[in-house]
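# Structural features, examined
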Amino acid sequence: MCGIVGYVGTKEAAPLIWDALLRLEYRGYDSSGIAVLDGQGISTVKCKGRLSDLKARLRELPAATLGIGHTRWATHGVPSDRNAHPHRDCTGNVVLVHNGIIENHRELRERLLKRGHRIESETDTELVAHLIEEEYDGNLASTVAHVSRELEGSMAFAVIHASEPGKIVVYRDKNPLIIGLGDGENFVASDIPAILPYTRKVIVLNDGECAEVTRDGILIKDYSGRIVHREPVVLDARAEAGEKGGYEHFMLKEIFEQPEALSRAISARIRYDRVILEEEEFGLSADEVKCLDKVYLVACGTAYHAGLVGKMLIERLAGIPAEAVLASEFRYAEPIIPRNTLCILLSQSGETLDTIAAAREAKKRGARLLAITNSALSSLAREADNVLYQRAGIEIAVASTKAYTTQVVCLALISVYLGRLRGVLSPETERELCAELVSLPKKAEAALGVKDEIEKISSELFDRKDIFFIGRGVDYLTAMEGQLKLKEISYIHAEAYAAGELKHGTLALIEPGVTVVAVMNDPALSQKTASNIMEVKARGGRIIAVGSEECLLAVHLDGDDARVPVPATYPLFSPVVSMIPLQLLAYYVAKRKETDIDKPKNLAKSVTVE
Ligand code: G6P
């Protein structure tokens, strides 16, 4: 989704901003632009398409040392040169970039048109440039702060004014914005990876704060105009900017990073055969845990699929009623939050607006908030009472892989921990579950061994119109995530069904040659799933069975079918292992189809609009 970058210093701004925008490319975008400011005024280039298209146009810009840039993911108005940011007012003196959505854009547009403004784009963003033009009083920062009061929605802005060279003004409300501190130069960005090669010292703006950024200093004011003093955070030296490291795509690299990511998520949290969570990671006392009446798991996309696994884990291992809800639905569903409710919010980026809005709703209704996220300093991490970091390392590919498996293990750790504190798990069972958790990185490593076989299977699937995924119990949840992966990057229509539901309607869709991926990891359910597989085969369907050796023995496959064994584990931990072949399946089918695997069309890595 949209990305913002700004630079003020001594270097030539445009190439530096372009380079920083490139590091936000993974977030998804359809147009881009850069504006620079020098003594002569503001010059802008922008165009539809990739940053490589913009690069050719950079030579049209003067060698200024201040500028702002943007990658746009269309919301208001089609992707086009005209709708690309930066946008300007009627005079060309005010130029800005924006992430988010201005919800009252219709009335603002009408008002501005009545007053004779020439509005050139269909965007909500441009309207803000005209509002600043109207209200400009010689001080850009105070004007931006003033104008922001008229705006409804979510927003992060970087604004420049021809009469105030040497200054970028930024404003944040419900959309992330950070300031990077350099030596004789400063940066602004919507996301940390953009500025990692230049600085590791960052200040994160809070909602309602407006800041003036010059090459020598930062002045932050809060909503009421009071000066805010905030110490910068120094990012971990290991924070990666994201390189492909010899892999053809980030997605493949991230699939292969799973054993290491899982090990980082698990190892320090299991000691002496027990799950140990630090105070800041969990925070509820043993007494509070005993009193918990309900756990909500709230998230979007892949993180929601991890949440569904979490519901099963928490109910089974800790005996607490749990419910997984899509964040975009939770907020408007008037959720009933009993007195002792824990709301677990899952978000790789920690910036998904739906999830943050759901967190606020849950908090308003009295729930305790626990975030599971991969992003330190993210909005969600700051919103929650406690944060359990996934420690997966930066994930660049839009299709989430290691973020999913590390979320599942974080939920497994929490469930075992809760189970002990509530007296549901005996020390013996906890020991066995911990040993199983510790073995997961090795089992994930072994599951990666199916790569060549999956590549071969995929070569026969790339021209399919529909592919179905089935499973029972936790395997159904793995099937759901498997079909999402395939859809996201190969654009093949895929659906997941609870295996037992096939005969209640969906079986009509199974015709000779239709491929059905069956997931089987729970020995208690494998016979039942095997019967459902036979229903598919009786209608000419072709099976790809993924699961533990023991479960796969339950099913009779023939020449056309494929068998993909993965190491056995405790069934509720199995998504961590059996998801790996499904991720590889999606990857190789997409590769065969030559789609843009890391940046699939119309999707964004971090969705900062509702
Ligand atoms: C977008 C991405 C998905 C992701 C979802 C939630 O839809 O395309 O891959 O699962 O957002 O993202 P989050 O950062 O909150 O986990």
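Residues numbered from 1 in each chain as written. Predicted model: local features only at pLDDT ≥ 70, side-chain atom pairs only at ≥ 80, totals over all residues. Heavy atoms only, no water.

### Some words on the overall build of the protein
The number of helices and strands found in the protein is 19 helices and 27 strands. Over its C-alpha atoms the protein spans a radius of gyration of 25 Å, differing by no more than 12% from the 25 Å that the globule rule assigns to 610 residues. Within the protein, the proportion of its 610 residues that are buried is 61%. The contacts in the protein between residues at least 6 apart in sequence include a share of 72% that link residues at least 24 apart. Counting every atom, the protein has about 23000 Å² of accessible surface; 49% of that belongs to carbon and sulfur. Averaging the locations of the 73 positively and 86 negatively charged side chains of the protein gives two centres separated by 1 Å. (Helix = DSSP H or I, 4+ residues; strand = E, 2+ residues; numbered from the N terminus. Rg over C-alpha atoms; globule rule 2.2 N^0.38 Å. Buried < 20%, exposed > 50% of the residue type's maximum accessible area, 1.4 Å probe, protein only. Contact = heavy atoms within 4.5 Å. Areas by Shrake-Rupley, 256 points an atom, 1.4 Å probe, with all protein chains shown as cover. Lys, Arg positive; Asp, Glu negative; His and termini not counted. Charge placed at Lys NZ, Arg CZ, Asp CG, Glu CD.)

### Observations regarding the packing of aromatic side chains
Scanning the entire structure with this criterion turns up eight aromatic pairs. The interplanar angle of 85 degrees and the centroid separation of 5.0 Å between the aromatic rings of tyrosine 587 and tyrosine 588 together place this pair among those described as edge-to-face. Under the relative-accessibility criterion, tyrosine 588 is labelled buried at 5%. Taken together, the ring pairs in this structure connect Tyr7, Phe187 and Tyr198 into an aromatic cluster. Between arginine 50 and the ring centre of tyrosine 29, over which it is positioned, the NZ or CZ distance is 4.9 Å. Stacked on the ring of tyrosine 296, the Lys or Arg lysine 294 has its end atom at 4.5 Å from the ring centre. (Phe/Tyr/Trp six-rings, centres within 6.5 Å; stacked < 30°, edge-to-face > 60°. Lys NZ or Arg CZ within 6 Å of the ring centre and 35° of its normal.)

### Thoughts on the site of the ligand
If you check the shell around the ligand, you find 13 residues, and the closest are Ser347, Gln348, Ser349, Thr352 and Ala604. Taking threonine 302, its main chain carries an N or O atom lying 3.0 Å from an oxygen atom of the ligand. Between the ligand and the protein, one listed contact pairs an oxygen atom with a backbone N or O atom of valine 398 at 3.1 Å. Starting from 390 Å² of accessible surface for the ligand in isolation, the protein chains cover 90%. (Near = heavy atom within 4 Å. Polar contact = N/O pair within 3.5 Å; in protein donor to acceptor, adjacent residues only side chain to side chain.)

### Remarks on the domain arrangement of the protein
Segmenting the protein into domains produces domain 1 (3-242), domain 2 (250-425) and domain 3 (451-593). Between the C-alpha centres of domain 2 and domain 3 there is a distance of 27 Å. Between domain 2 and domain 3, the residue contacts involve 23 residues of the former and 22 residues of the latter. Looking only at domain 2, the three residues that lose the most surface to domain 3 are His305, Met312 and Tyr404, adding up to 24% of its buried area. In this structure, the connection of domain 2 to domain 3 is made through zero salt bridges. (Domains from an automatic or database assignment. Buried area = accessible area lost by both parts, 1.4 Å probe. Salt bridge = Lys/Arg side-chain N within 4 Å of Asp/Glu carboxyl O.)

### Focus on the packing of helix α4 (residues 125-135) against helix α5 (residues 140-148)
Relative to each other, α4 and α5 sit at 120 degrees, their axes nearing to 9 Å. With respect to α5, the element α4 is oriented oblique. Between α4 and α5 the crossing geometry is right-handed. Along its contact with α4, which presents Val128, Leu131, Ile132 and Glu135, the element α5 presents Leu140, Thr143, Val144, His146 and Val147. In the contact of α4 with α5, the residues fall into six nonpolar, two polar and one charged. (Axes fitted to C-alpha atoms, helices over the stretch in contact; angles between N-to-C directions. Parallel < 35°, antiparallel > 145°, perpendicular 65-115°, else oblique. Left-handed = near helix turned anticlockwise from the far one by under 90°. Nonpolar A, V, L, I, M, F, W, Y, C, P; charged D, E, K, R; others polar.)

### Details of the pairing of strand β2 (residues 31-38)
For β2, the tally of buried residues reaches seven of eight residues, placing the bulk of the element in the interior. Pairing of β2 with strand β3 (residues 41-48), which is carried by eight bridges, proceeds in the antiparallel orientation. By the bridge assignment, valine 36 is partnered in β3 with serine 43. Hairpin geometry of β2 and β3 is characterised by an intervening segment of two residues between the two adjacent antiparallel strands. With six bridges joining them, β2 and strand β4 (residues 66-72) adopt antiparallel strand pairing. Looking at the pairing, glycine 33 lines up with histidine 70 of β4. (Pairing = 2+ DSSP bridges.)

### As for the pattern of salt bridges
Once the charged atoms of two side chains with opposite charge are near each other, the side chains can pair. Taken as a whole and judged by the stated rule, the model has 39 salt bridges. Close ionic contact of arginine 172 with aspartate 207 constitutes a salt bridge, the shortest N to O distance being 2.8 Å. Here arginine 172, found in strand β8 (residues 168-173), pairs with aspartate 207, found in the loop between β11 (201-204) and β12 (209-213); they are 35 residues apart in sequence, far enough to count as distant. On the basis of relative accessibility, which here comes to 3%, the residue arginine 172 falls in the buried class. In this structure, aspartate 173 and lysine 174 form a salt bridge, with 3.6 Å as the shortest nitrogen-oxygen distance. Overlapping salt bridges, with partners in common, bring together Arg172, Asp207, Arg360 and Glu383 in one network.

### Remarks on helix α19 (residues 575-593)
Taking 1.5 Å of rise per residue, the 19 residues of α19 would be expected to cover 27 Å, and the 26 Å separating its terminal C-alpha atoms lies within 8% of that figure. In the segment just after α19, glutamate 594 is the residue with positive phi, at about 60 degrees. (Expected span 1.5 Å × (residues − 1).)

### Remarks on the sheet that holds strand β6 (residues 94-102)
For sheets, the rule is that strands pair by backbone hydrogen bonds, running either parallel or antiparallel. Here seven strands make up an open sheet; going across it, the order is β5-β6-β7-β8-β12-β13-β14 and the pairing antiparallel. Two strands in the sheet have a free side with no partner beyond their single neighbour: β5 (87-88) and β14 (227-228). Relative to β14, strand β13 (residues 218-221) runs antiparallel, the two sharing two bridges. Considered in β14, the bridge of lysine 221 is made with isoleucine 227. Against the sheet, α5 contacts β7 (153-161), β8 and β12, and its axis sits at roughly 25 degrees relative to β8.

### Considerations on the UniProt feature "domain: SIS" (unreviewed entry) in the protein
Under the present numbering, the feature "domain: SIS" (unreviewed entry) in UniProt falls on residues 285-424 and 457-600. Helix makes up 46% of residues 285-424 and strand 20%, and the two end C-alpha atoms of the span are 16 Å apart. Between the first and last C-alpha atoms of residues 457-600 the distance is 22 Å; the span itself is 40% helix and 21% strand. (UniProt positions renumbered as here; feature names shortened; annotations may be inferred.)

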